[in-house]
Amino acid sequence: MPEIQPQYLIIYNPIAGAGKIQGLKKMVKKSWSGKIGYKWKKTKYAGHAAEIARKAIGRYDAVIAIGGDGTVNEIAGALAGSPTAMGVLPKGSGNGLARHLGIPMELKRAIKWMRKAKTQPVDTLEMNGKFFINVAGIGFDAHVAHRFAKAGSRGLHTYVKESILAYFTYPKKNYRLQWNGQDLSTKAFLISIANSSQFGNNAYIAPHASVSDGKVDVSIIRACPIWYAPCMGYRLFTKTLHRSRFYQSFQTKEVLISCEREEEVHLDGEAVQMELP
């Protein structure tokens, strides 16, 4: 009896460039032909990827997102709780969730890897009713996300530049966190609500986080002297942030965060303005 091929729907943004997409299609055809059935679908406007993904539920075994954390967020939000799985071909600037899951960053290898990939359950999260799947943040990283969204270019270079420019003027704020009967008031540089271990680009904000443990890792970086910043940066990229005396974390299913006023936040790197708590 012949083996039944899995059926995948691949969603891509044509803004990536026709030449690049054609090259990607050739790689997929070479790797998946005769092993996986697939169909391509391009997005035409903001939010279209989620619409396409919702219509694919029950019709395809998996929806494949081509893009970065923003694209993954949009498609994952549409598929969450459904029997249709999601795959990722990483093509963003950070690719936090894809890196955490061990998906190869080189597209050719990722396409080949996906032929044998197994489905696994992944936790999803909400902040004030808004979906996220990787990392959400309040404080400095959210402020940088808002600056990055307004910048004229994308990529790691722009993100680093905006981070450096913002670092010296960003004010530390007072926050109150409540969870599992515990209450913490602290002056924080940033607070991350992490499902996976990293923002992206191997910057590990929650080194021990798991995407399938039913809990979220809340990571707090408290105000620290400016001379200590290079050390914090080193620890962020070497999975040793938890060893710093300015770092604190806990696991929980729910957390309530309060601040003096409306706050800039990011959800999987996407800038959002949100009322607190």
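Residues numbered from 1 in each chain as written. Predicted model: local features only at pLDDT ≥ 70, side-chain atom pairs only at ≥ 80, totals over all residues. Heavy atoms only, no water.

Turning next to the overall build of the chain. Scanning the chain from terminus to terminus reveals eight helices and 14 strands. Expected size for 277 residues packed as a compact globule is a radius of gyration near 19 Å; at 19 Å, the chain falls within 12% of this value. Counting only C-alpha atoms and orienting by the principal axes, one finds that the chain spans roughly 65 × 40 × 35 Å. By the burial criterion, 47% of the 277 residues in the chain qualify as buried. Long-range pairs, those at least 24 residues apart, make up 65% of the contacts in the chain with a sequence separation of at least 6. When the accessible area of the chain is evaluated, it comes to approximately 14,500 Å², of which 52% is carbon and sulfur surface. If you average the places of the 38 positive and of the 21 negative side-chain charges in the chain, the two averages end up 11 Å apart. (Helix = DSSP H or I, 4+ residues; strand = E, 2+ residues; numbered from the N terminus. Rg over C-alpha atoms; globule rule 2.2 N^0.38 Å. Buried < 20%, exposed > 50% of the residue type's maximum accessible area, 1.4 Å probe, protein only. Contact = heavy atoms within 4.5 Å. Areas by Shrake-Rupley, 256 points an atom, 1.4 Å probe, with all protein chains shown as cover. Lys, Arg positive; Asp, Glu negative; His and termini not counted. Charge placed at Lys NZ, Arg CZ, Asp CG, Glu CD.)

Even without glycine at this site, Asn95 takes up a positive phi of about 55°. Note that Asn95 resides in the loop between strand E4 (85–90) and helix H4 (96–100). Phi angles above zero are rare outside glycine, and Asn201 is one such case at about 55°. The topology assignment puts Asn201 in the loop between strand E9 (182–194) and strand E10 (216–222).

Inspection of the entire model under this criterion finds three salt bridges. For Glu162, the salt bridge identified is with Arg147, shortest N-O distance 2.9 Å. Highlighted residues: Glu162 in helix H7 (residues 156–167) and Arg147 in helix H6 (residues 140–150), separated in sequence by 15 residues. Looking at Arg147, the relative accessible area reads 27%, which means it is partly exposed. The partner of Arg176 in a salt bridge is Asp183, and the shortest N-O contact between them spans 2.5 Å. (Salt bridge = Lys/Arg side-chain N within 4 Å of Asp/Glu carboxyl O.)

On to the packing of helix H2 (residues 48–56) against helix H3 (residues 69–79). Axis separation between H2 and H3 bottoms out at 8 Å; the angle between their running directions is 35°. The two elements H2 and H3 meet at a crossing, and its hand is right-handed. For the pair formed by H2 and H3, the contact residues are His48, Ala49, Ala50, Ala53 and Arg54 on the first element and Glu74, Ile75, Ala78 and Leu79 on the second. Across the contact of H2 with H3, the residue classes tally to six nonpolar, one polar and two charged. (Axes fitted to C-alpha atoms, helices over the stretch in contact; angles between N-to-C directions. Left-handed = near helix turned anticlockwise from the far one by under 90°. Nonpolar A, V, L, I, M, F, W, Y, C, P; charged D, E, K, R; others polar.)

So, about a positive patch on the surface. Where like charges cluster on the molecular surface, the positive patch consists of Lys30, Lys35, Lys108, Lys112, Arg115 and Lys116. Looking at where Arg115 falls in the secondary structure, it is placed in the loop between helix H5 (107–114) and strand E5 (125–127). A relative accessible area of 31% means that Arg115 is categorised as partly exposed. (Patch = residues over 30% accessible without salt bridge, like charges linked within 9 Å, V, L, I, M, F, W, Y side chains within 5 Å.)

Counted by the stated rule, this structure contains 12 aromatic pairs. Between Tyr167 and Phe168, the aromatic rings sit 5.5 Å apart at their centres with planes inclined by 90°, giving edge-to-face as the arrangement. Overall, Phe168 belongs to the exposed group, its relative accessible area being 60%. An aromatic cluster of three or more residues is present, and its members are Phe140, Tyr167, Phe168, Tyr170 and Phe189. (Phe/Tyr/Trp six-rings, centres within 6.5 Å; stacked < 30°, edge-to-face > 60°.)

Okay, the nonpolar core next. The biggest cluster of nonpolar side chains holds 44 residues, and the ones touching the most others in it are Met127, Phe140, Tyr175, Leu177, Ile191, Ile205 and Ile221. For this core, the element with the highest residue contribution is E9, accounting for seven residues. Not counting residues up to four positions away in its chain, the partners in contact with Ile221 are Ala188, Phe189, Leu190, Ile205, Met232, Leu241, Phe246 and Tyr247. Core analysis: the second largest hydrophobic core is formed by 26 residues, Tyr12, Leu24, Val28 and Val72 among them. (Core = buried A, V, L, I, M, F, W, Y, C linked by side-chain atoms within 4.5 Å.)

Treat this as a map of the structure, not an account of what it does.
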